[in-house]
Amino acid sequence: MNYTAVREAVFNAVVASSDVLTADNVTITYYDEATSGSLGNLGHAWVPLEGGTSGGLKYPGIPAGTQQVRISWPGNQQYAPTTIDATVEVADREQPQFNLNGGSYEVGMVFDDALGYDYSATATAIYNAVVASTSPVALSADDVTVEYNVDKTGITDSFKPLDQSDATGLIKFGTGTWEIRISWDGNQEYRGNSVTVNVITTDTRTASTVALKSGVSFTYNMDPTVMEQAIFDNVIDWENSTLPARETLSPDNFVIEYKAKLTDIESGVDLGLGDVGDWVSSDLITQWVPLEGKVYEIGGTVLGAYPVMGAGEARSIRISYKGNADYRPSDNTEGTVTVNKAKVSVSVNSTNIYADESLPANFITTNPADKFDVYTIYAGTTSNVTTALYLDLPDRYTNSVFLKALDPVVEAIYGKSFTQMMNDGITLGELRQLFSTQEILDLLDKLNIDTGTFGQILTVINKLPSVTDSLRISFGTPNRAGLYTVGVVTDSQNYETGVGMGFLLVKMRLSGTKLTWNQEINGKLTAEQVKNFDFGATLSYNGDVTISQSGVHYLYSGFTSKWRIYSSTTTPPTEPGSYVVTVCILGGNHFAAPITRTFTITK
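Just so it is clear, the model here is predicted, and its values are computed rather than measured.

Criteria and thresholds
For every chain, the first residue of the written sequence is number 1, and numbering continues from 1 onward in sequence order. Thresholds applied to this predicted model are a pLDDT of at least 70 for local features of residues and 80 or more for the giving and counting of side-chain atom pairs; totals over whole chains, interfaces and linings are not thresholded and use all residues. To obtain the side-chain values, all non-hydrogen atoms of the structure were used and water was disregarded. Where helices and strands are cited, they refer to DSSP runs of H or I of at least four residues and of E of at least two residues respectively, numbered from the N terminus. A simple rule labels every residue: compare its accessible area, found with a 1.4 Å probe on the protein chains alone, to the largest value its type can have, and call it buried under 20%, exposed over 50%, or partly exposed in between. The definition of a polar contact used here is a pair of N or O atoms within 3.5 Å, where within protein one atom must be able to donate a hydrogen and the other to accept one, and adjacent residues in sequence count solely through side-chain atom pairs. By the convention used here, residues are in contact when the closest approach between their heavy atoms is within 4.5 Å. Between any two strands, pairing holds if DSSP finds at least two bridges. With axes taken as lines fitted to C-alpha atoms, and helix axes fitted only over the stretch in contact, angles between N-to-C directions fall between 0 and 180 degrees. For our purposes a nonpolar core is just a set of buried Ala, Val, Leu, Ile, Met, Phe, Trp, Tyr and Cys residues, chained together by side-chain atoms within 4.5 Å. Angle categories are assigned with fixed cut-offs, so that under 35 degrees is roughly parallel, over 145 is roughly antiparallel, 65 to 115 is roughly perpendicular, and the rest are oblique. The classification used treats Ala, Val, Leu, Ile, Met, Phe, Trp, Tyr, Cys and Pro as nonpolar, Asp, Glu, Lys and Arg as charged, and all other residues, Gly among them, as polar. Between the rings of Phe, Tyr and Trp (Trp by its six-membered ring), a pair exists once the centres lie within 6.5 Å; its type follows the angle of the planes, with under 30 degrees stacked, over 60 edge-to-face, and the other angles tilted. Any Lys NZ or Arg CZ that is within 6 Å of a ring centre and within 35 degrees of that ring's normal is treated as a charge sitting over the ring. Here pLDDT means the predictor's own confidence in every residue, given as a number from 0 to 100. The reported arc concerns the directions from the helix axis to the C-beta atoms and nothing else. For patch building, the residue pool is restricted to those with more than 30% relative accessible area and no salt bridge; the joining distance is 9 Å between like charges and 5 Å between nonpolar side chains (Val, Leu, Ile, Met, Phe, Trp, Tyr). Throughout, the Shrake-Rupley method with a 1.4 Å probe supplies accessible areas, and for residues the shown protein chains are the sole cover considered. For this document, the term salt bridge refers to a Lys or Arg side-chain nitrogen within 4 Å of an Asp or Glu carboxyl oxygen. Crossing handedness follows the turn of the near helix against the far one: under a right angle anticlockwise gives a left-handed crossing, and clockwise gives a right-handed one.

**Q** Explain the side chain of Thr513 to me, please; I cannot follow it from the model alone.
**A** Summarising the element assignment, Thr513 is placed in strand β30 (residues 513–517). By relative accessible area, Thr513 is classed as buried at 13%. Polar side-chain contacts of Thr513 include one of 2.3 Å to the backbone oxygen of Phe591. Once you skip the residues sitting within four places of it in the chain, Thr513 turns out to touch Ser540, Tyr541, His590, Phe591 and Ala592.

This is the structure in structure tokens:
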């Protein structure tokens with residue numbers, strides 16, 4: 001609004017002529033009601049033509065229509081002050097008219113290649129479909145604002161731009177029947193105007209369909225995108241599908257999912273309703289998920305995971321096309337594929353460690369470096385020159401969910417749980433029996449363990465030297481010095497069983513170790529002193545006397561006072577005589593130089 005021009009027009013309309021008064025030396029106000037807060041006479045005041053604030057209330061600029069105006073002059077030395085109250089008719093600018101096309105309005109939504117609505121192009125299409133022309137101002141779609149009413153009942157006027165939703169975010173512009181408002185704000189010469197009509201918006205893109213081939217198989221890959229590419233290349237039936245040209249598409253243009261079961265994250269065991277609570281719907285146990293899987297959680301609590309699509313026959317998949325500017329999104333099409341097991345190579349990087357050291361992280365490596373259940377067999381001769389056999393099981397065998405299912409079954413058959421077996425150890429013969437019990441094999445199969453792996457484990461054990469069914473198996477990694485042949489068997493439902501061989505030398509500690517007498521002898525002991533004397537020695541490593549003493553051995557020898565020969569590896573002498581005791585290390589994990597001393601027992 002050009003209020004300077006309005007001021008001039010009001011003055012000229014009221015004052016025919018004056019030698020003193022001009023539009024520039026008078027104050028012109030009009031009587032109006034505040035935009036809010038008015039009650040009775042409150043909220044009514046004389047305010048400037050451009051509006052403003054009076055008494056803390058806000059007043060608008062002078063509007064069109066019949067208005068009361070007041071022209072005030074403060075006077076001067078020659079003339080007294082004067083005030084003129086008058087009524088004027090404020091004429092508005094001319095309002096342009098929208099000339100509409102006849103009939104109903106149906107407009108095709110416009111889409112962009114980013115799979116979304118092109119709201120600007122859709123607004124232009126709506127304007128061109130509704131408005132034939134405007135006069136006397138020629139307006140185009142670029143000059144107006146196109147909005148839709150988010151109140152679909154039409155009770156209220158809640159118009160929003162096409163790219164905005166209602167306050168709840170639930171009502172969004174798309175296909176359907178809408179109340180559309182086309183408005184122009186106006187300019188200095190013409191005041192604004194609007195028109196409201198009902199418009200039906202439709203999706204005029206080509207309907208797309210996805211057809212799938214049957215009997216397709218491909219090999220598992222730890223990278224889900226590789227399997228998505230295999231499905232894109234081999235499973236989609238391009239000849240019988242209605243889709244854009246194949247060379248313009250990639251797997252990213254499709255939603256590719258498979259039907260997965262909810263599993264325990266740590267153990268990989270399929271979860272049932274009893275594992276996650278009765279409040280979880282059975283529909284959540286088996287779901288369509290992306291090939292890369294997903295974690296399932298409620299309220300920040302992780303209940304399990306849907307794994308990456310793995311190997312197997314008749315794996316259920318479904319595919320839909322996302323759509324583009326020319327093709328509508330397709331419905332889901334379901335099918336099945338066979339995912340073949342991949343091959344894996346297993347390497348044992350032979351090394352040597354001390355018994356109190358952990359194996360290096362790269363002791364066992366696989367190619368590809370996917371997740372595997374790794375069974376490691378160690379068989380060899382210890383520093384005690386005894387045969388030892390160890391079986392190191394995958395971590396899942398210690399998982400609570402896994403053991404909760406396995407322990408009761410094993411205990412019912414063998415009288416003790418699998419957990420007890422791992423703690424106590426079992427013989428090789430017992431292990432063979434365990435691996436051949438059908439009830440246990442069926443359970444392990446349900447726990448997603450490839451039971452065919454057990455045959456490979458026994459094959460590896462059978463090839464190891466000096467192994468008999470009576471040999472006791474310890475679970476874990478070797479904790480006794482010795483040289484071990486290492487056999488590794490990998491298990492995964494997604495890979496063929498992998499086998500690797502190597503060696504592990506567990507060394508004895510040679511430095512920092514020593515033998516120390518528990519009690520010193522000053523050459524002689526009486527027969528009475530012998531009764532309470534400690535003849536033993538203690539092996540220590542860097543001052544630590546808590547290390548195993550199993551390798552400490554004794555040899556007592558000498559003559560009694562009656563010249564009888566005395567020799568023992570376990571019991572010190574008690575009769576009077578002259579003796580020698582030697583303490584040495586035989587086996588164990590720490591070696592120390594022998595120590596010897598002589599002593600005499602008197603009466």
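**Q** Any chance you could explain the sheet that holds strand β2 (residues 44–48) here in plain terms?
**A** Hydrogen bonds between backbone atoms are what pair the strands of a sheet, whose relative direction is either parallel or antiparallel. Judged by pairing direction, the sheet is antiparallel, and its 4 strands sit side by side in the order β2-β1-β5-β6 without closing on themselves. With one partner strand each, in any of the chains shown, β2 and β6 (82–90) form the two edges of the open sheet. Between one strand and the next, the sheet's axes are offset by a mean angle of 30°, whatever the strand orientation. Two strands pair when backbone bridges link them, and strand β1 (residues 27–33) and β2 are joined in this way by 5 bridges, in the antiparallel orientation. Bridging across to β2, Thr29 finds its partner in Pro48.

**Q** So what exactly am I meant to see when it comes to the nonpolar core here?
**A** Counting 37 residues, the largest nonpolar core has Ile377, Phe418 and Phe454 as the members making the most contacts within it. Counting only elements with at least two residues in this core, the list comes to β24 (373–382), β25 (387–392), α5 (400–414), α6 (418–424), α7 (428–435), α8 (438–446), α9 (452–462) and β27 (472–475). Ignoring anything within four residues of it in the chain, the contact list for Ile377 reads Leu389, Tyr390, Leu391, Ile457, Val460, Ile461, Leu464, Thr485, Val486, Gly487 and Val489. Within the second largest apolar cluster, 36 residues are counted, among which are Val216, Phe232, Ile319 and Phe372.

**Q** Would you explain the packing of α5 against α8 in this entry?
**A** In a packed pair of helices, the relevant descriptors are the angle between the two axes and the axis-to-axis distance. For the pair α5 and α8, interaxial distance at closest approach is 10 Å and the crossing angle is 175°. Taken together, the axes of α5 and α8 lie roughly antiparallel to each other. Counting all contacts with α5, which are made through Phe402, Ala405, Leu406, Val409, Val410, Ile413 and Tyr414, the residues of α8 involved are Glu439, Ile440, Leu443 and Leu444. By residue class, the composition of the contact of α5 with α8 is 10 nonpolar, no polar and 1 charged.

**Q** Any chance you could explain the packing of aromatic side chains here in plain terms?
**A** The geometry of an aromatic ring pair comes down to the distance between the two centres and the angle between the two planes. Under the counting rule described, the total for this entry stands at 25 aromatic pairs. Clustering of aromatic rings is evident, with ring pairs tying together Phe533, Phe535, Tyr554, Tyr556, Tyr566, Tyr579 and Phe599. In this structure, Lys152 packs its charged tip against the face of Trp178, placed 4.3 Å from the ring centre.

**Q** I tried to follow the confidence of the model for the protein chain on my own but got confused; where do I start?
**A** Taken as a whole, the protein chain shows an average pLDDT of 90; of its residues, 95% reach a score of 70 or greater. Ignoring residues within four places in sequence, the model shows residues 273–281, a span with pLDDT below 50, making 13 contacts including any to other chains.

**Q** Can you walk me through α8 in this structure?
**A** Since the α-helix advances by 3.6 residues per turn, residues separated by three or four positions end up pointing in the same direction. Buried within α8 are the following residues: Ile440, Leu441, Leu443 and Leu444. Down the axis of α8, the buried set is contained in an arc of 160°. They therefore lie on one face. Turned more than 90 degrees away from the buried face of α8, the exposed residues are Gln438 and Lys446. Of the surrounding secondary structure, the elements contacted by the buried residues of α8 are α5, α7 and α9. In the stretch just after α8, Asn448 is the one whose phi turns positive, near 65°.

**Q** Which parts of the structure should I look at to understand the pairing of strand β15 (residues 254–261)?
**A** Taken residue by residue, a regular strand's side chains alternate between the two faces of the sheet. Note: β15 against strand β19 (residues 312–321), 5 bridges, orientation antiparallel. Across the sheet, residue Glu257 finds its bridge partner in β19, namely Arg318. In this sheet, strand β16 (residues 286–290) lies alongside β15 in antiparallel orientation, the contact comprising 5 bridges. Paired with Lys259 across the bridge in β16 is Trp288.

**Q** What am I meant to see in unusual backbone geometry here?
**A** Most peptide bonds adopt trans geometry, and most residues besides glycine take a negative phi value. In this chain, Ser135 is followed by Pro136 through a cis amide linkage whose omega measures 0°. Here Pro136 shows up in the loop between β9 (131–135) and β10 (145–149). Phi is positive for Asn542, which is not a glycine, with a value near 50°. Assignment of secondary structure puts Asn542 in the loop between β32 (537–541) and β33 (552–560). Positive phi outside glycine occurs at Trp563, with the angle close to 60°. Its place among the elements puts Trp563 in the loop between β33 and β34 (565–568). On the accessibility criterion, Trp563 (70% relative accessible area) is exposed.

**Q** What exactly am I supposed to notice about a nonpolar patch on the surface here?
**A** On the surface, Leu483, Phe503 and Leu505 cluster together into a nonpolar patch covering about 290 Å² of accessible area. In this structure, Leu483 sits in strand β28 (residues 482–491).

**Q** Please explain the environment of Ser250 as it appears in this structure.
**A** Looking at where Ser250 falls in the secondary structure, it is placed in the loop between α3 (224–234) and β15. Relative accessible area serves as the criterion here: at 26%, Ser250 is assigned to the partly exposed category. The spatial distance from the C-alpha of Ser250 to the C-alpha of Lys152 is 39 Å, given a sequence separation of 98 residues.

**Q** When you look at the environment of Ile413 in this model, what are you seeing that I'm missing?
**A** Tracing the backbone shows Ile413 in helix α5. Owing to a relative accessible area of 33%, Ile413 belongs among the partly exposed residues under this scheme. Put simply, Ile413 and Gly536 are 123 residues apart on the chain and 46 Å apart in space, counted from C-alpha to C-alpha. Discounting residues that sit within four places of it in the chain, Ile413 has contacts with Thr437, Glu439 and Ile440.

**Q** Would you mind going over the side chain of Ser320 with me for this structure?
**A** Structurally, the position occupied by Ser320 is in strand β19. With relative accessibility at 8%, the residue Ser320 sits in the buried group. Of note is the side chain of Ser320, whose polar atom sits 3.4 Å from the side chain of Asn332. Dropping the residues within four chain positions of it, Ser320 is found in contact with Asn253, Phe254, Val255, Ser330, Asp331 and Asn332.

**Q** Can you help me understand the packing of α7 against α9 in this one?
**A** Where α7 meets α9, the closest approach of the two axes is 10 Å, and the angle between their N-to-C directions is 160°. Between α7 and α9, the angle falls in the class roughly antiparallel. As for the relative orientation of α7 and α9, their crossing is left-handed in sense. Residue-level contacts link Leu428, Leu431, Arg432 and Phe435 of α7 to Phe454, Ile457, Leu458, Ile461 and Asn462 of α9.

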